[in-house]
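Commentary on secondary and tertiary structure
In case you want the letters, here they are:
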Amino acid sequence: MHALAFWVPSGASMTLNSMTGFARCDGSDDTASWYWEARSVNGKGLDIRLRLPVGADELEAPIREAVSQKLTRGNINISLSMQRRNAPVEIQVNAAALDQVVAASQIIEKRVGGAPISPDAVMAAKGVLEIAEATEDETVRKARAENLLASFRSCLSDLVIARGGEGYKLADTLQAQVDDIARITDEIAASPVRAPEAIVERLKTQVSRLRLADESLDEARLYQEVALLVTRADIEEELTRLRAHVDAARGLLAEKSAVGRRLDFLAQEFNREANTICSKSNDAQVTQLGMALKVVIDQMREQVQNVE
(Lines give C-alpha, C1' and ligand atoms only; values in the text may rest on other atoms or scores of the structure.)
Protein backbone atom coordinates (compact mmCIF):
# COMPACT_ATOMS: atom_id res chain seq x y z
CA MET A 1 0.00 0.00 0.00
CA HIS A 2 1.45 3.34 -1.03
CA ALA A 3 0.37 6.81 0.06
CA LEU A 4 1.43 10.29 -0.94
CA ALA A 5 3.65 11.89 1.68
CA PHE A 6 3.41 15.53 2.76
CA TRP A 7 6.19 17.59 4.29
CA VAL A 8 5.57 19.25 7.61
CA PRO A 9 8.31 21.30 9.32
CA SER A 10 10.13 19.36 12.01
CA GLY A 11 8.84 20.21 15.45
CA ALA A 12 5.99 22.27 14.04
CA SER A 13 3.15 22.94 16.43
CA MET A 14 0.05 21.73 14.58
CA THR A 15 -2.39 24.04 16.31
CA LEU A 16 -4.24 25.24 13.23
CA ASN A 17 -5.75 23.27 10.37
CA SER A 18 -6.61 24.47 6.89
CA MET A 19 -9.66 23.22 5.01
CA THR A 20 -7.54 22.76 1.88
CA GLY A 21 -5.69 19.52 1.17
CA PHE A 22 -5.23 16.53 -1.10
CA ALA A 23 -4.24 12.89 -0.56
CA ARG A 24 -3.99 9.73 -2.63
CA CYS A 25 -3.43 6.14 -1.53
CA ASP A 26 -2.80 3.05 -3.68
CA GLY A 27 -3.74 -0.41 -2.49
CA SER A 28 -4.24 -3.98 -3.65
CA ASP A 29 -5.04 -7.54 -2.59
CA ASP A 30 -5.42 -10.87 -4.36
CA THR A 31 -8.68 -9.81 -6.00
CA ALA A 32 -8.20 -6.18 -7.06
CA SER A 33 -6.01 -3.10 -7.21
CA TRP A 34 -7.29 0.39 -6.43
CA TYR A 35 -6.51 3.92 -5.43
CA TRP A 36 -8.31 6.46 -3.26
CA GLU A 37 -8.24 10.22 -3.80
CA ALA A 38 -9.46 12.73 -1.24
CA ARG A 39 -9.71 16.46 -1.93
CA SER A 40 -10.72 19.12 0.56
CA VAL A 41 -11.65 22.77 -0.01
CA ASN A 42 -13.30 25.52 2.01
CA GLY A 43 -16.84 25.05 3.27
CA LYS A 44 -19.13 26.50 5.91
CA GLY A 45 -19.80 23.05 7.34
CA LEU A 46 -18.74 19.47 6.64
CA ASP A 47 -19.96 18.33 3.21
CA ILE A 48 -18.81 14.81 2.20
CA ARG A 49 -19.25 13.78 -1.42
CA LEU A 50 -18.42 10.23 -2.51
CA ARG A 51 -17.81 8.65 -5.92
CA LEU A 52 -17.68 4.88 -5.51
CA PRO A 53 -17.75 2.11 -8.14
CA VAL A 54 -20.77 -0.15 -8.56
CA GLY A 55 -20.95 -2.70 -5.79
CA ALA A 56 -19.07 -0.59 -3.21
CA ASP A 57 -22.10 1.07 -1.62
CA GLU A 58 -21.49 -0.72 1.69
CA LEU A 59 -18.38 1.44 2.16
CA GLU A 60 -20.30 4.70 2.24
CA ALA A 61 -21.48 4.63 5.86
CA PRO A 62 -18.10 3.74 7.44
CA ILE A 63 -16.37 6.31 5.21
CA ARG A 64 -18.71 9.10 6.32
CA GLU A 65 -18.28 8.10 9.94
CA ALA A 66 -14.47 8.05 9.65
CA VAL A 67 -14.39 11.49 8.00
CA SER A 68 -16.76 12.99 10.61
CA GLN A 69 -14.48 11.77 13.39
CA LYS A 70 -11.41 13.45 11.86
CA LEU A 71 -12.74 16.63 10.26
CA THR A 72 -15.25 19.28 11.29
CA ARG A 73 -15.42 21.62 8.28
CA GLY A 74 -14.76 21.62 4.55
CA ASN A 75 -16.13 20.27 1.28
CA ILE A 76 -14.62 16.79 1.05
CA ASN A 77 -14.58 14.92 -2.29
CA ILE A 78 -13.63 11.24 -2.07
CA SER A 79 -13.30 8.88 -5.02
CA LEU A 80 -12.35 5.22 -5.40
CA SER A 81 -11.03 3.72 -8.64
CA MET A 82 -10.77 -0.08 -8.66
CA GLN A 83 -9.63 -2.74 -11.13
CA ARG A 84 -10.69 -6.35 -10.45
CA ARG A 85 -8.18 -9.15 -10.99
CA ASN A 86 -9.20 -12.40 -12.71
CA ALA A 87 -12.82 -11.92 -11.73
CA PRO A 88 -14.79 -15.16 -12.32
CA VAL A 89 -17.33 -14.79 -15.13
CA GLU A 90 -20.48 -16.61 -16.24
CA ILE A 91 -21.88 -16.89 -19.76
CA GLN A 92 -25.63 -16.38 -19.60
CA VAL A 93 -28.30 -16.83 -22.29
CA ASN A 94 -30.62 -13.89 -22.78
CA ALA A 95 -33.84 -15.84 -23.36
CA ALA A 96 -35.78 -12.86 -24.69
CA ALA A 97 -33.08 -12.04 -27.26
CA LEU A 98 -32.83 -15.72 -28.24
CA ASP A 99 -36.59 -16.00 -28.86
CA GLN A 100 -36.52 -12.89 -31.04
CA VAL A 101 -33.58 -14.16 -33.12
CA VAL A 102 -35.25 -17.58 -33.65
CA ALA A 103 -38.58 -15.99 -34.55
CA ALA A 104 -36.92 -13.66 -37.03
CA SER A 105 -34.98 -16.55 -38.65
CA GLN A 106 -38.22 -18.57 -39.06
CA ILE A 107 -39.96 -15.65 -40.76
CA ILE A 108 -37.03 -15.23 -43.16
CA GLU A 109 -36.94 -19.01 -43.85
CA LYS A 110 -40.64 -19.10 -44.75
CA ARG A 111 -40.45 -16.11 -47.07
CA VAL A 112 -37.20 -16.69 -48.92
CA GLY A 113 -36.42 -20.33 -48.16
CA GLY A 114 -33.08 -21.71 -47.11
CA ALA A 115 -31.71 -23.89 -44.37
CA PRO A 116 -32.81 -23.39 -40.80
CA ILE A 117 -30.56 -21.08 -38.74
CA SER A 118 -27.66 -22.90 -37.10
CA PRO A 119 -26.85 -22.77 -33.37
CA ASP A 120 -23.54 -21.06 -34.20
CA ALA A 121 -25.36 -18.28 -36.01
CA VAL A 122 -27.82 -17.90 -33.12
CA MET A 123 -25.00 -17.60 -30.58
CA ALA A 124 -23.23 -15.05 -32.77
CA ALA A 125 -26.29 -12.80 -32.79
CA LYS A 126 -25.76 -9.70 -30.65
CA GLY A 127 -27.35 -9.91 -27.21
CA VAL A 128 -28.08 -13.63 -27.14
CA LEU A 129 -25.07 -14.49 -25.01
CA GLU A 130 -24.09 -12.23 -22.11
CA ILE A 131 -20.92 -12.35 -20.04
CA ALA A 132 -21.39 -11.40 -16.41
CA GLU A 133 -19.28 -11.62 -13.28
CA ALA A 134 -20.06 -14.71 -11.30
CA THR A 135 -21.45 -14.35 -7.82
CA GLU A 136 -18.48 -13.72 -5.57
CA ASP A 137 -17.80 -15.62 -2.41
CA GLU A 138 -19.07 -13.56 0.54
CA THR A 139 -15.89 -14.13 2.55
CA VAL A 140 -13.73 -12.83 -0.30
CA ARG A 141 -15.95 -9.80 -0.79
CA LYS A 142 -15.91 -8.88 2.90
CA ALA A 143 -12.15 -9.28 3.09
CA ARG A 144 -11.69 -6.92 0.15
CA ALA A 145 -14.08 -4.41 1.72
CA GLU A 146 -11.98 -4.41 4.91
CA ASN A 147 -8.81 -3.89 2.87
CA LEU A 148 -10.45 -1.02 1.00
CA LEU A 149 -11.51 0.64 4.26
CA ALA A 150 -8.03 0.23 5.75
CA SER A 151 -6.58 1.84 2.64
CA PHE A 152 -9.12 4.66 2.86
CA ARG A 153 -8.26 5.36 6.50
CA SER A 154 -4.64 5.74 5.47
CA CYS A 155 -5.71 8.19 2.78
CA LEU A 156 -7.82 10.11 5.28
CA SER A 157 -4.86 10.36 7.67
CA ASP A 158 -2.76 11.80 4.85
CA LEU A 159 -5.50 14.32 4.09
CA VAL A 160 -5.51 15.41 7.74
CA ILE A 161 -1.72 15.82 7.60
CA ALA A 162 -2.01 17.83 4.38
CA ARG A 163 -4.59 20.14 5.94
CA GLY A 164 -2.34 20.50 8.96
CA GLY A 165 0.62 21.43 6.76
CA GLU A 166 -1.46 24.15 5.12
CA GLY A 167 -2.61 25.21 8.57
CA TYR A 168 1.00 25.62 9.68
CA LYS A 169 1.52 28.17 6.90
CA LEU A 170 -1.80 29.84 7.68
CA ALA A 171 -0.89 30.19 11.36
CA ASP A 172 2.30 32.07 10.47
CA THR A 173 0.41 34.39 8.12
CA LEU A 174 -2.39 35.09 10.60
CA GLN A 175 0.04 35.62 13.47
CA ALA A 176 1.90 38.22 11.40
CA GLN A 177 -1.39 39.95 10.55
CA VAL A 178 -2.48 40.03 14.19
CA ASP A 179 0.93 41.50 15.08
CA ASP A 180 0.38 44.18 12.42
CA ILE A 181 -3.02 45.00 13.90
CA ALA A 182 -1.44 45.34 17.35
CA ARG A 183 1.34 47.55 15.97
CA ILE A 184 -1.03 49.89 14.10
CA THR A 185 -3.30 50.07 17.17
CA ASP A 186 -0.31 51.18 19.26
CA GLU A 187 0.63 53.74 16.60
CA ILE A 188 -2.87 55.22 16.71
CA ALA A 189 -2.79 55.30 20.52
CA ALA A 190 0.62 57.03 20.48
CA SER A 191 -0.29 59.50 17.74
CA PRO A 192 0.67 63.10 18.73
CA VAL A 193 -2.79 64.29 17.69
CA ARG A 194 -4.20 62.37 20.69
CA ALA A 195 -2.05 64.28 23.18
CA PRO A 196 -4.11 66.45 25.60
CA GLU A 197 -2.51 69.64 24.26
CA ALA A 198 -3.41 68.78 20.69
CA ILE A 199 -6.97 67.88 21.68
CA VAL A 200 -7.37 71.22 23.53
CA GLU A 201 -6.14 73.13 20.51
CA ARG A 202 -8.57 71.36 18.21
CA LEU A 203 -11.42 72.01 20.64
CA LYS A 204 -10.55 75.72 20.77
CA THR A 205 -10.66 75.88 17.00
CA GLN A 206 -13.99 74.05 16.84
CA VAL A 207 -15.51 76.24 19.58
CA SER A 208 -14.44 79.34 17.68
CA ARG A 209 -16.14 78.00 14.58
CA LEU A 210 -19.32 77.30 16.56
CA ARG A 211 -19.41 80.86 17.89
CA LEU A 212 -18.81 82.32 14.45
CA ALA A 213 -21.59 80.18 13.05
CA ASP A 214 -24.05 81.11 15.83
CA GLU A 215 -23.26 84.14 18.02
CA SER A 216 -26.40 83.50 20.09
CA LEU A 217 -25.00 80.31 21.64
CA ASP A 218 -25.25 80.53 25.44
CA GLU A 219 -22.75 78.88 27.78
CA ALA A 220 -24.96 75.85 28.51
CA ARG A 221 -25.48 75.13 24.81
CA LEU A 222 -21.80 75.68 24.11
CA TYR A 223 -20.92 73.22 26.87
CA GLN A 224 -23.20 70.61 25.31
CA GLU A 225 -21.63 71.10 21.89
CA VAL A 226 -18.11 70.78 23.29
CA ALA A 227 -19.07 67.64 25.21
CA LEU A 228 -20.50 66.17 22.02
CA LEU A 229 -17.31 66.99 20.10
CA VAL A 230 -15.20 65.34 22.79
CA THR A 231 -17.38 62.22 22.78
CA ARG A 232 -17.26 61.91 19.01
CA ALA A 233 -13.49 62.30 18.91
CA ASP A 234 -12.75 59.85 21.75
CA ILE A 235 -11.50 56.49 20.42
CA GLU A 236 -10.10 55.12 23.65
CA GLU A 237 -12.82 52.48 23.93
CA GLU A 238 -12.18 51.31 20.37
CA LEU A 239 -8.45 51.03 21.06
CA THR A 240 -9.13 49.07 24.24
CA ARG A 241 -11.40 46.65 22.40
CA LEU A 242 -8.85 46.25 19.59
CA ARG A 243 -6.19 45.24 22.12
CA ALA A 244 -8.62 42.77 23.70
CA HIS A 245 -9.38 41.30 20.28
CA VAL A 246 -5.64 40.95 19.58
CA ASP A 247 -5.23 38.95 22.80
CA ALA A 248 -8.24 36.79 21.89
CA ALA A 249 -6.89 36.14 18.38
CA ARG A 250 -3.51 35.07 19.73
CA GLY A 251 -5.25 32.74 22.13
CA LEU A 252 -7.29 31.15 19.34
CA LEU A 253 -4.20 30.66 17.17
CA ALA A 254 -2.65 28.68 20.01
CA GLU A 255 -5.66 26.40 20.53
CA LYS A 256 -5.62 22.78 19.39
CA SER A 257 -9.17 22.73 18.05
CA ALA A 258 -11.25 24.00 15.13
CA VAL A 259 -11.26 27.80 15.56
CA GLY A 260 -12.18 28.99 12.06
CA ARG A 261 -15.67 30.22 12.91
CA ARG A 262 -14.46 32.07 16.01
CA LEU A 263 -11.60 33.68 14.10
CA ASP A 264 -14.07 34.78 11.43
CA PHE A 265 -16.29 36.40 14.06
CA LEU A 266 -13.25 38.08 15.64
CA ALA A 267 -12.17 39.45 12.26
CA GLN A 268 -15.60 41.05 11.92
CA GLU A 269 -15.17 42.64 15.35
CA PHE A 270 -11.75 43.96 14.32
CA ASN A 271 -13.33 45.51 11.26
CA ARG A 272 -16.11 47.12 13.28
CA GLU A 273 -13.64 48.90 15.57
CA ALA A 274 -11.49 50.04 12.64
CA ASN A 275 -14.57 51.50 10.90
CA THR A 276 -15.53 53.36 14.06
CA ILE A 277 -12.04 54.81 14.43
CA CYS A 278 -12.09 56.05 10.84
CA SER A 279 -15.54 57.58 11.27
CA LYS A 280 -14.57 59.34 14.51
CA SER A 281 -11.20 60.57 13.27
CA ASN A 282 -10.82 64.28 12.69
CA ASP A 283 -7.14 64.04 11.86
CA ALA A 284 -5.48 62.89 8.63
CA GLN A 285 -2.82 60.85 10.44
CA VAL A 286 -5.33 58.83 12.49
CA THR A 287 -7.51 58.34 9.41
CA GLN A 288 -4.52 57.06 7.44
CA LEU A 289 -3.61 54.62 10.24
CA GLY A 290 -7.25 53.54 10.46
CA MET A 291 -7.30 52.77 6.74
CA ALA A 292 -4.05 50.79 7.06
CA LEU A 293 -5.70 48.86 9.88
CA LYS A 294 -8.67 48.04 7.66
CA VAL A 295 -6.38 46.74 4.90
CA VAL A 296 -4.67 44.29 7.28
CA ILE A 297 -8.03 43.20 8.73
CA ASP A 298 -9.44 42.53 5.24
CA GLN A 299 -6.38 40.41 4.46
CA MET A 300 -6.88 38.55 7.71
CA ARG A 301 -10.56 37.90 6.99
CA GLU A 302 -9.61 36.42 3.62
CA GLN A 303 -7.12 34.03 5.21
CA VAL A 304 -9.50 33.06 8.00
CA GLN A 305 -11.89 31.62 5.41
CA ASN A 306 -9.36 28.81 4.93
CA VAL A 307 -9.22 27.84 8.62
CA GLU A 308 -11.11 24.76 9.83
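Before reading further, recall that the structure is shown in the block above.
About the cut-offs
Residues numbered from 1 in each chain as written. Predicted model: local features only at pLDDT ≥ 70, side-chain atom pairs only at ≥ 80, totals over all residues. Heavy atoms only, no water. Core = buried A, V, L, I, M, F, W, Y, C linked by side-chain atoms within 4.5 Å. Buried < 20%, exposed > 50% of the residue type's maximum accessible area, 1.4 Å probe, protein only. Helix = DSSP H or I, 4+ residues; strand = E, 2+ residues; numbered from the N terminus. Contact = heavy atoms within 4.5 Å. Phe/Tyr/Trp six-rings, centres within 6.5 Å; stacked < 30°, edge-to-face > 60°. Lys NZ or Arg CZ within 6 Å of the ring centre and 35° of its normal. Disulfide = S-S within 2.5 Å. Salt bridge = Lys/Arg side-chain N within 4 Å of Asp/Glu carboxyl O. Pairing = 2+ DSSP bridges. Right-handed = clockwise from strand over helix to strand, strands pointing away. Expected span 1.5 Å × (residues − 1). Arc of directions from axis to C-beta. Patch = residues over 30% accessible without salt bridge, like charges linked within 9 Å, V, L, I, M, F, W, Y side chains within 5 Å. Areas by Shrake-Rupley, 256 points an atom, 1.4 Å probe, with all protein chains shown as cover. Axes fitted to C-alpha atoms, helices over the stretch in contact; angles between N-to-C directions. Parallel < 35°, antiparallel > 145°, perpendicular 65-115°, else oblique. Left-handed = near helix turned anticlockwise from the far one by under 90°. Nonpolar A, V, L, I, M, F, W, Y, C, P; charged D, E, K, R; others polar.

Quick look at the nonpolar core now. Among the nonpolar cores identified, the biggest contains 30 residues, and Leu16, Leu174, Ile181, Ile188, Leu263, Phe270 and Leu293 are the most heavily contacted of them. Within the residue set of this core, elements represented by two or more residues are helix H4 (138–189), helix H7 (236–253), helix H8 (260–280) and helix H9 (284–304). Take this core: its biggest share by element is 8 residues, from H4. Apart from the residues within four sequence positions on either side, Leu16 is in contact with Gly164, Gly167, Tyr168, Leu170, Ala171, Leu174, Leu253, Val259, Leu263 and Val307.

Attention now goes to the packing of aromatic side chains. When we look at a pair of aromatic rings, we describe it by the centre distance and by the angle of the planes. Taken as a whole, this structure holds 1 aromatic pair when the rule is applied. Of note, Arg24 hangs over the ring of Tyr35, and the distance from its end group to the ring centre comes to 3.8 Å.

As a further point, take the state of the cysteines. Within the structure shown, the criterion is met by 0 disulfides. The thiol sulfur of Cys155 is not disulfide-bonded, and the nearest other cysteine sulfur, from Cys25, lies at 4.3 Å.

Side-chain pairs of opposite charge can arise where the charged atoms are in close proximity. This structure, assessed with the given rule, holds 19 salt bridges. Arg141 is the partner of Glu138 in a salt bridge, and the nearest nitrogen-oxygen pair spans 2.2 Å. Of the two residues, Glu138 and Arg141 are both situated in helix H4; the distance of 3 residues between them amounts to about one turn of the helix. Judged by its relative accessible area of 40%, Glu138 falls in the partly exposed class. Taking the shortest distance from any N to any O, the salt bridge between Asp180 and Arg183 comes out at 3.7 Å. Of the two residues, Asp180 and Arg183 are both situated in helix H4; the distance of 3 residues between them amounts to about one turn of the helix.

Turning next to the pairing of strand E4 (residues 46–51). The pairing of E4 with strand E5 (residues 74–84) spans 6 bridges and is parallel. In the strand pairing of E5, Ile48 is matched with Ile76. Taken together, E4, helix H1 (residues 60–70) and E5 form a β-α-β motif whose crossover is left-handed.

Bringing helix H2 (residues 95–112) into the picture now. Taking 1.5 Å of rise per residue, the 18 residues of H2 would be expected to cover 26 Å, and the 26 Å separating its terminal C-alpha atoms lies within 8% of that figure. Buried within H2 are the following residues: Ala97, Val101 and Ser105. Axial view of H2: buried residues confined to an arc of 65 degrees, hence all on one face. Away from the buried face of H2 by more than 90 degrees, exposed residues Asp99, Gln100, Lys110 and Arg111 are located.

It is worth spelling out a nonpolar patch on the surface at this point. The grouping of Ile91, Val93, Met123 and Leu129 at the surface amounts to a nonpolar patch, some 390 Å² of accessible area in total. Mapped onto the secondary structure, Val93 falls in strand E6 (residues 89–93).

Running from N to C, H4 and H7 point in directions that differ by 165 degrees, and their axes come no closer than 10 Å. Looking at the two axes, H4 sits roughly antiparallel to H7. Crossing of H4 against H7: the hand is left-handed. For the pair H4 and H7, the contacting residues are Leu174, Gln175, Val178, Asp179, Ile181, Ala182, Thr185, Asp186, Ile188 and Ala189 in the first and Leu239, Leu242, Arg243, Val246, Ala249, Arg250 and Leu253 in the second. For the contact of H4 with H7, the per-class residue count stands at 11 nonpolar, 2 polar and 4 charged.

Secondary-structure assignment places His245 in helix H7. Residue class for His245 comes out buried when judged on its relative accessible area of 13%. Those residues in contact with His245 that lie beyond four places of it in its chain are Leu266, Glu269, Phe270 and Glu273.

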